[in-house]
Amino acid sequence: MAADKDANISLIEDLRPRLRKLIEIEFVLDHLNFLDNDNKDLIRTKARKESNLKAVDLLIDTIIRIRPLPKGWFREFVDALSAGGCKHAATYVEDSPPCPALEAENDNCVRLIELLSPSLLGMKTTDVCWDCFSKGILTIEDREIILAECQNRGNMGGARELLRRIVRFPPGWFSTFLKALQDTEHKDLYKELTGESPGDNFIDEPGVLMAVNEAPGNVDPMVEEGPVEAVGKSFLPEQETLDSSVTSIHLDEPSEADSEIAGCIAPAAESPPKAVIVLRDYQMDVARPALEGKNIIICLPTGSGKTRVAVYITKEHLDSRRKEGRPGKVVVLVNKVPLVEQHYSTEFWKFLKNKYKVERVSGDSQLKISFTDIVQKNDIVICTAQLLENYLERSHSGDDDGIQLSDLSLIVIDECHHTQKGGVYNHIMIRYLKQKHKNAKLKKEQKDTVAIPQILGLTASPGVGGAKKIDKAEEHILRICANLDAYKIMTGNLGENKKEPHKKIATAEERKEDPFGDVLKGVMNAIHIHAELNPTCDLGTQNYEQWVVQKEQNAAKEENQKVRVCAEHLRQYNEALYLGKTIRMWDAFSFLDKYFDEELKKKVAPEDEEAIIKTDTERFLFTLFKDSKVKLQELAKLPQYENNSLAKLRTKILHEFTSREKARGIIFTKTRRSAIALAQWVQENSKFEEVGVKACHVIGGGGQSVVKPMTAAEQRDVLNKFQNAEINLLIATTVAEEGLDIAACNFVIRYELVTNEIAMIQARGRGRAEDSSYTLVAGEGSGVAERESVNEYREKMMSKAIDKVKKLDQEEYEKRIKEFQIQAIMEERVRTTKKKQKGMKKESPSKVKFSCRSCNKPVCSGEDVEIIENMHRVNVTPQFKELFIQRENTSLVKRLLDYETNCFIACKDCGQRWGSMMLYRGIECPCLHVKNFLVTYDEKRKNVNKWSELGIQLPAFDYAEHARSVAESSEDEESM
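Cut-offs used in this document
Along each chain, the written sequence defines residue order, and numbers are assigned to residues from 1. Thresholds applied to this predicted model are a pLDDT of at least 70 for local features of residues and 80 or more for the giving and counting of side-chain atom pairs; totals over whole chains, interfaces and linings are not thresholded and use all residues. Note that the side-chain values use all heavy atoms of the structure and ignore hydrogens as well as water. UniProt positions are given in the numbering used here, feature names are shortened, and annotations may be inferred rather than shown by experiment. Secondary structure is summarised from DSSP: a helix means a run of H or I of at least four residues, a strand means a run of E of at least two, and numbering begins at the N terminus for each. Note on classification: 1.4 Å probe, protein chains only; a residue is buried when its accessible area is under 20% of the maximum for its type, exposed when over 50%, partly exposed between these limits. Each accessible area is a Shrake-Rupley estimate made with a 1.4 Å probe; only the visible protein chains count as cover when residues are assessed. At least two bridges found by DSSP between two strands is the condition for calling them paired. Think of each axis as a best-fit line through the C-alpha atoms, taken over the contacting stretch in the case of a helix, with angles from 0 to 180 degrees between the N-to-C directions. Convention used here: angles under 35 degrees read as roughly parallel, angles over 145 as roughly antiparallel, angles from 65 to 115 as roughly perpendicular, and any remaining angle as oblique. Handedness of each helix crossing follows the sense of rotation of the near helix against the far helix: counterclockwise by less than a right angle gives left-handed, clockwise gives right-handed. Two residues form a contact once any of their heavy atoms are found within 4.5 Å. Asp, Glu, Lys and Arg are counted as charged, while Ala, Val, Leu, Ile, Met, Phe, Trp, Tyr, Cys and Pro are counted as nonpolar; the rest, among them Gly, fall into the polar class.

An unreviewed UniProt entry lists the chain under the name RNA helicase, with Oncorhynchus kisutch as the source organism. UniProt's Sequence similarities (unreviewed entry) comment on the chain is quoted here verbatim: "Belongs to the helicase family. RLR subfamily."

Structure follows, in structure tokens:
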């Protein structure tokens, strides 16, 4: 027996040169139980930090070194090679190598691949990968790693990985690889490897539907098949049949690497190749009712290919209607402007442009034709939901330039869990439900019904709607199903494709000393005394923020300038306290310093203008900050007082970037300001630079925050850099949690941030790569960890509620959603009636007076205000022009087709901002922001945040009249 052991060890030593090339260490180690974990960790570290070849050497050295080796070790080693996808290596170790001639031929094939690798790296990697997998020369693990490499390092990185793995298979792999090149239309590569042309077996017709296992020559280009059940079963190895079937559509188009789990398509090197839509079994299962024309909700985790399924369903829907001679029109609705371009370029246009006309449009689009014309001239339109709702309302109001639901045959609703009361998705679906119930009545009366579109909803997490008990969670799910008129809610069993990140909560101890915060609190208390305010909650909390906002609003109504200005400053100090607790003290100081610098600038009048008056309270507040500034600045530089949460975050980031070969992650944080500050903190820290961290922030594009928003183009630029690995750490607000297509990450961190279970699921779903982690960094006593536990409970409750809804008898299910639909229609009728009554009661604009929110100076009457495009409220009277000054504001620059803004207008007396100066078709129009004014209505003072809250009918802006007036005044000036 000892002799046998020695002989086996000698055999492995003799085969070392061959085994170094044939063993993939990562997968083999998982099956070697006779090695202890310490040795396995050493070998894995060697593979990660040096190379697979060095790791195989260490494995062989370890086997030779271990004494005694346990009984059966050699059989286990052979089995581990086979189970780890290294069957060719196993045949050598079992002393069953190929004959010398076959071995020499195989070595020549490997050498040929090495020599021609520069050309082969230009292959359409994803197409070839799926084909090689289907033909049995790649394992499931090989396939997933190659596809991940495509996503993380691009097409060429994936191609290198593919070539490295196929040469480890037993002889015969080369001819199979050639067939894969032929089947994926790589004529040039086939010829380069063989010196021969593959013949005329290539399909050049666009739009041919083909299963991956069918030989191209056997497809009739005139026939388009419907979706097939379980296609691809026959061409897989017997043991992999159950979990690896695919359905494919081949379409001519230039393709790119895609981030969805459904499969990335590699970029074309020369001419446009045929793209492949690959649906896995679970995707095909959830799509099936929609392919039969039924309304469904597809509920799949983030990154599992929901949008790809929607593209497939759209293609099948339009194909079937075309065959039947019926018109087809698909509208894809999204709830964020950046998603319009994303769905257009990476999904619908990319796969369907050669057969159907695809267009995208949003409020930010620069198209010069109406939305109605766009819908009429295209087969598929991707747009924001509000745009469709606006044009549905136009049609309802009798406008010829409107759209009716009957004009559409399929509506795809992305992130459909937002289809709830008050949301724009729900407004559209209420129109649908009304027509559906009218149709039922018409049908009973044997009258013609009005066509309504098929509905397809997509979501990763419908949530529980704040429910605390399972029955309420079930009711929430049923309401969403009712709102979308869903026949069923479809969930899929992802099996091995499910990627759940490892979860961890990192709790930071409370800071023992906070002298920086103590100084801020001292300043705030001095302001409390000056303004005679008595806060009822702790400083630096959300409750304090709400309290001080309420004080500011009440003071504005009461014209109490002392309290109003003090409340405004207290709000800024409270924000600085929050920043000091969560980010660096220096960020908090910089924020305050910038705020006071901006406030002082407001008090400096432009040239040739009278000086702006400072009140006694303003002087007190400016002096208070000035007296504290030096102390705050000194404390902000002392690292011993930094918060412990930031230290935990630093440790976590360094761990991820030192323990992974290619780290890529996202940090989610609460506010735009904290996202920007965290990005600066990372960029300024040399330790992060040493381990290869390249960070950037991505924030929202809305204008509600005082922080300059990101444009859609800026967001795309950052995300593209993240996709291409120019950036490997994103610091983001919740804008990146939902919908946006972000490259696969292997770690996600939520930093002092907890919202609801939907946001938690969406954020966690960003960790799509293998062995990814999800970490919550929270301060001790902050309540963040506790709220996360509540969200975990709600997530489990959501899953149980969905299962209960799915198990309902179909008759019972339809009865319950019908009740919810009738309730929704009745509630909408009540709201509509109230709205009409409110509209009938609209008062004359003369009853509304506007005064400066800061100094209470009377500004204008509602009679002076006009409305442009039902959106912009402007005052172009000569009297108003004398009351304000203009200041440049670079963060405000915005250009659209008919207007642009590049400066704001402010009160000439106190410097309070009133709005922006808009250049509308060549005319300067001061645009008013109502929240900057105190509104007096029927002798009552009000705080108004939106113009829609005012019950008055403003006249439309008369462009022709004002253009004539401007021209006349210009002529008068010239004559003078």
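The rest of the description comes next.
> Describe the overall build of the chain, listing the residues and the values that go with them.
Each helix and strand in the chain was counted, giving 34 helices and 26 strands. Counting the 976 residues in the chain, one finds 53% classified as buried. Summed over all atoms, the accessible surface of the chain reaches about 45,600 Å², with 48% contributed by carbon and sulfur.

> Mind laying out the sheet that holds strand E5 (residues 358-361), listing which residues take part and the relevant values?
Reading across from one edge, E5-E6-E4-E7-E8-E3-E9 is the order of the 7 strands in this open sheet, with parallel pairing throughout. Of all the strands in the sheet, just E5 and strand E9 (488-491) have a single pairing partner and so form its edges. For this sheet the average axis-to-axis angle between neighbouring strands, irrespective of direction, equals 20°. Sheet topology note: the E5/strand E6 (residues 380-384) ladder contains 4 bridges and is parallel. Bridged to Glu-359 within E6 is Val-381.

> Could you give an account of the sheet that holds strand E16 (residues 848-852), naming the residues involved and the relevant values?
Sheet architecture is open: 4 strands sit in the order E17-E16-E25-E26, paired in antiparallel fashion. If you trace the sheet from one side to the other, it starts and ends with strand E17 (858-861) and strand E26 (940-942), each paired once. Each adjacent strand pair in this sheet contributes to an overall mean axis angle of 30°, direction not counted. Here E16 runs beside E17; their pairing, made up of 3 bridges, is antiparallel. Among the inter-strand pairings, Phe-850 is bridged to a residue of E17, identified as Cys-860.

> Before we move on, could you go through the packing of helix H12 (residues 173-183) against helix H13 (residues 187-194) and cite the residues and values that matter?
Two elements in contact, H12 and H13, have axes whose closest approach is 8 Å; the angle formed by their N-to-C orientations is 150°. Considered as vectors, H12 and H13 are oriented roughly antiparallel to each other. The handedness of the crossing between H12 and H13 comes out as left-handed. Between H12 and H13, the residues in contact are Phe-174, Phe-177, Leu-178, Leu-181 and Gln-182 and Leu-189, Tyr-190, Leu-193 and Thr-194, respectively. Class assignment for the residues of the contact of H12 with H13 results in 7 nonpolar, 2 polar and no charged.

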